[in-house]
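# Residue-level structural notes
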Amino acid sequence: MAAPDTGWMSSHLALVVLELVGIFVFAISGALTAIKKDFDAIGILILAEVTATGGGVIRDLIIGDTPPAAFRQVEVLLVPLIAAVVAFFAHPVVERLNFTVLLFDAAGLGLFCVTGTLKALDHGLGPVQSAALGVTTGVGGGLLRDVIARETPALVQVNTDLYAIPAMLGAAAVTVAHRLELPMSVAAPAAAAFVFAFRVVAMVRH
Amino acid sequence: MAAPDTGWMSSHLALVVLELVGIFVFAISGALTAIKKDFDAIGILILAEVTATGGGVIRDLIIGDTPPAAFRQVEVLLVPLIAAVVAFFAHPVVERLNFTVLLFDAAGLGLFCVTGTLKALDHGLGPVQSAALGVTTGVGGGLLRDVIARETPALVQVNTDLYAIPAMLGAAAVTVAHRLELPMSVAAPAAAAFVFAFRVVAMVRH
Amino acid sequence: MAAPDTGWMSSHLALVVLELVGIFVFAISGALTAIKKDFDAIGILILAEVTATGGGVIRDLIIGDTPPAAFRQVEVLLVPLIAAVVAFFAHPVVERLNFTVLLFDAAGLGLFCVTGTLKALDHGLGPVQSAALGVTTGVGGGLLRDVIARETPALVQVNTDLYAIPAMLGAAAVTVAHRLELPMSVAAPAAAAFVFAFRVVAMVRH
């Protein structure tokens, strides 16, 4: 009847698009980890699925939004399948596999800490708690990937603060943008890009 | 009043019986892993409980059916206790402990990927998502067992595909049987037996 | 209108106070583990948060009380932050870090297995299931801490039974006190103190 709720619309649309991109890049990082560890085709698929959906499943369980998106929308399961196939055929051209895993992991971290924060705010959680859930969403999939692959979690590797700090800053930026009622279709991708850029600069300098 | 809903009845009864058998065999695999790692009596009990109930707890959390069966029905906690006692006294006669663990793990995998798929279908999830939840249920308990015991997860060991592929096929078979409205009291045990036989043949040939 | 429900009141107040103390001591054990593993400042904070909130988050997910307290009450996130700062500045004076970690872990185990059992009873779970959830709550945070830090879980270390047995006894004592309608503001701290004392005596004798 009245003016359409474009704030929510843009927030919601940003959430859906960023979520699928995040699922794709995290799936690539999971598949490349599996390739690095000499897993076979199915092992690559499983690690791609776990890495891509783990953070979101944890987030949805915590919010109480069950079944989680990964078990409701079939595309959330299919995107990692596509990513696994892409990684499987593309990896021979990738020379520095380790760095590439971290690059895609950084993109997933940025996207998921933003979408996790947004979803928590949408569900009425406070700003600190929303940021905490954003960080949890961002690091959850990669943590499961590293535990299953028996790697030292990226989360607690020597330069931890350059992993968690950008996630915390990105999540905090989203809560501030939400409070200031900035347009989320701009603020959310900007926050995700900031987290990614921060991580990449930190890795290159290291 | 009308004809009894025997389809649901048979599906439901099959679910309860297969579930308890799955809990028992997974508990045996957990207890034997603990014995192999020289855990003491309580360590054996804990690993039996975690392995037996882990997959089902994850499944119920994802579906949103809380508290999970393991925390609602006391028999789900008592069956692993019995299994732990059986494993404790029976294991000296078992020579090839490693193979026996994998044998019981294969039985649990078959039973749980079927019951997980059935429960997801009962809750109205789509066929792909139900099969995915079935596989998750099947591999969840064994994954927790291996992470806690600090073993390389059976899920991602060298011959991964011969672990996950039968689970995927079994889960898919259940969704097809459900779509074709085949009697579940026959189809469900058949699918579980198929997964078990596939795994055992793969292990023997390896 | 009638006499106030002091039984519930005392149980509830005991729950809140013991919960926050448990969060603090578990956070200290997490922070000290991170310091022992040479994690940096943020790594210390993250391990403090995970150890302190992990058991309670698992408990609340299982009970179906979402979002868990850690994502609803901001103090549940702030207490581990304070604990991390305290551990960071206090640890140089602590000579035997390993023992100190176990000491705080023992306190957290006692407090959380009591609060977990109480919360399960409050939600109408049976006595065996409530005790099982109490033990799960008590061991959950420490298990996550050890898995992330890639340590052998305290839960399954050589003297496992002297870890899990006091937790089981403490949880059982709470269910008995609940059945006998003893005042919980006395019984709950007493059960937590018993678990702590049992663990410490076991460690000193070992």
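Structure first, text after, so check above.
What counts and how
Residues numbered from 1 in each chain as written. Chains lettered and ligands numbered in written order. Predicted model: local features only at pLDDT ≥ 70, side-chain atom pairs only at ≥ 80, totals over all residues. Heavy atoms only, no water. Contact = heavy atoms within 4.5 Å. Buried area = accessible area lost by both parts, 1.4 Å probe. Salt bridge = Lys/Arg side-chain N within 4 Å of Asp/Glu carboxyl O. Polar contact = N/O pair within 3.5 Å; in protein donor to acceptor, adjacent residues only side chain to side chain. Helix = DSSP H or I, 4+ residues; strand = E, 2+ residues; numbered from the N terminus. Nonpolar A, V, L, I, M, F, W, Y, C, P; charged D, E, K, R; others polar. Least-squares fit on C-alpha atoms with pLDDT ≥ 70 in both. Patch = residues over 30% accessible without salt bridge, like charges linked within 9 Å, V, L, I, M, F, W, Y side chains within 5 Å. Areas by Shrake-Rupley, 256 points an atom, 1.4 Å probe, with all protein chains shown as cover. Phe/Tyr/Trp six-rings, centres within 6.5 Å; stacked < 30°, edge-to-face > 60°. Buried < 20%, exposed > 50% of the residue type's maximum accessible area, 1.4 Å probe, protein only.

A few words now on the interface of chain C and chain B. Counting residues at the interface gives 25 residues for chain C, matched by 19 residues for chain B. Buried area between chain C and chain B, both sides added, is near 1700 Å², and the carbon and sulfur share of it is 75%. Linking chain C with chain B are 0 salt bridges. Counting every contact that joins chain C to chain B gives 2 residue pairs in polar contact (both at pLDDT 80 or more). Taken together, the elements giving at least two residues each to the side of chain C that touches chain B come down to helix H2 (41-63), helix H5 (127-148) and helix H6 (161-179) of chain C. Residue contributions to the side of chain C that touches chain B peak at 7 residues, all from H5(C). Residues belonging to the side of chain C that touches chain B are distributed by class as follows: 16 nonpolar, 6 polar and 3 charged.

Cis geometry is found at the peptide bond from A:Thr66 to A:Pro67, where omega equals -10°. Checked against the element boundaries, A:Pro67 lands in the loop between helix H2 (41-63) and helix H3 (74-90). You will see that A:Arg150, though not glycine, has its phi angle at about 55°, which is positive. Looking at where A:Arg150 falls in the secondary structure, it is placed in the loop between helix H5 (127-148) and helix H6 (161-179). One non-glycine residue, B:Asp38, lies in the positive phi region at around 65°. Tracing the sequence through the fold places B:Asp38 in the loop between helix H1 (6-36) and helix H2 (41-63).

Once chain B is rotated about the relating axis by 120° and shifted along it by 0.0 Å, it coincides with chain A to within an RMSD of 0.0 Å. Accordingly, the operation relating the two chain copies is best matched by a three-fold axis. A different interface surface on each copy is seen, since only 12% of the contact residues of chain B are contact residues in chain A too.

Among the surface-exposed residues, A:Val74, A:Leu78, A:Leu81, A:Val85, A:Phe88, A:Phe89 and B:Val128 lie close enough to one another that they form a single nonpolar patch of about 600 Å² accessible area. When residues in the nonpolar patch are grouped by element, the largest group, 6 residues, is from H3(A). Mapping A:Val85 onto the fold places it in helix H3.

Before going further, it helps to examine the relation of the copies chain C and chain B. Once turned by 120° and shifted 0.0 Å along the axis, chain C lies on chain B with an RMSD of 0.0 Å. Different-surface contact between copies: only 12% of interface residues of chain C are shared with the interface of chain B.

Taken together, the contacts link 25 residues of chain B with 19 residues of chain A. For the pair chain B and chain A, the summed buried surface comes to about 1700 Å²; carbon and sulfur atoms form 75% of the total. Inspection of the chain B/chain A interface yields 0 salt bridges. Connecting chain B to chain A are 2 residue pairs in polar contact (both at pLDDT 80 or more). At the level of secondary structure, the elements contributing two or more residues to the side of chain B that touches chain A comprise H2, helix H5 (127-148) and helix H6 (161-179) of chain B. Per-element accounting of the side of chain B that touches chain A gives the leading share, 7 residues, to H5(B). Of the residues assigned to the side of chain B that touches chain A, the class counts are 16 nonpolar, 6 polar and 3 charged.

A word on the packing of aromatic side chains. In this structure the tally under the stated criterion is 9 aromatic pairs over all chains. Ring plane angle 75° and centroid distance 5.9 Å describe the contact between A:Phe194 and A:Phe198, whose orientation is recorded as edge-to-face. One end of the pair is A:Phe194 and the other is A:Phe198, both in helix H7 (residues 184-205) and 4 residues apart, which spans about a single turn. What makes A:Phe194 partly exposed here is its relative accessible area of 39%. In this structure A:Phe198 comes out as partly exposed when scored by relative accessible area, which is 25%. Taking the centre distance of 5.2 Å and the plane angle of 70° together, the rings of C:Phe26 and C:Phe112 count as edge-to-face. One end of the pair, C:Phe26, is in helix H1 (residues 6-36); the other, C:Phe112, is in helix H4 (residues 97-122), with 86 residues separating them in the sequence. On the basis of relative accessible area, C:Phe26 is assigned to the buried category, the value being 0%. A relative accessible area of 1% means that C:Phe112 is categorised as buried.

Glancing now at the environment of B:Ile62. When you line up the elements, B:Ile62 lands in helix H2. The sequence separation of B:Ile62 and B:Ala120 amounts to 58 residues, and the corresponding C-alpha distance is 9.6 Å.

With that out of the way, let us pick up the pattern of salt bridges. Enumeration according to the criterion identifies 27 salt bridges over all chains in this entry. Between B:Asp60 and B:Arg59 there is a salt bridge, with its nearest N and O atoms 3.0 Å apart. Here B:Lys119 makes a salt bridge to B:Asp60, at a shortest N to O gap of 2.9 Å. Of this pair, B:Lys119 sits in helix H4 (residues 97-122) while B:Asp60 sits in helix H2; the two residues are 59 residues apart in sequence, bridging distant segments of the chain. Taken as a pair, B:Lys119 and B:Asp60 share a single burial class, namely buried. One continuous salt-bridge network, built from bridges that share partners, spans A:Glu19, A:Arg59, A:Asp60, A:Asp65, A:Arg72 and A:Lys119.

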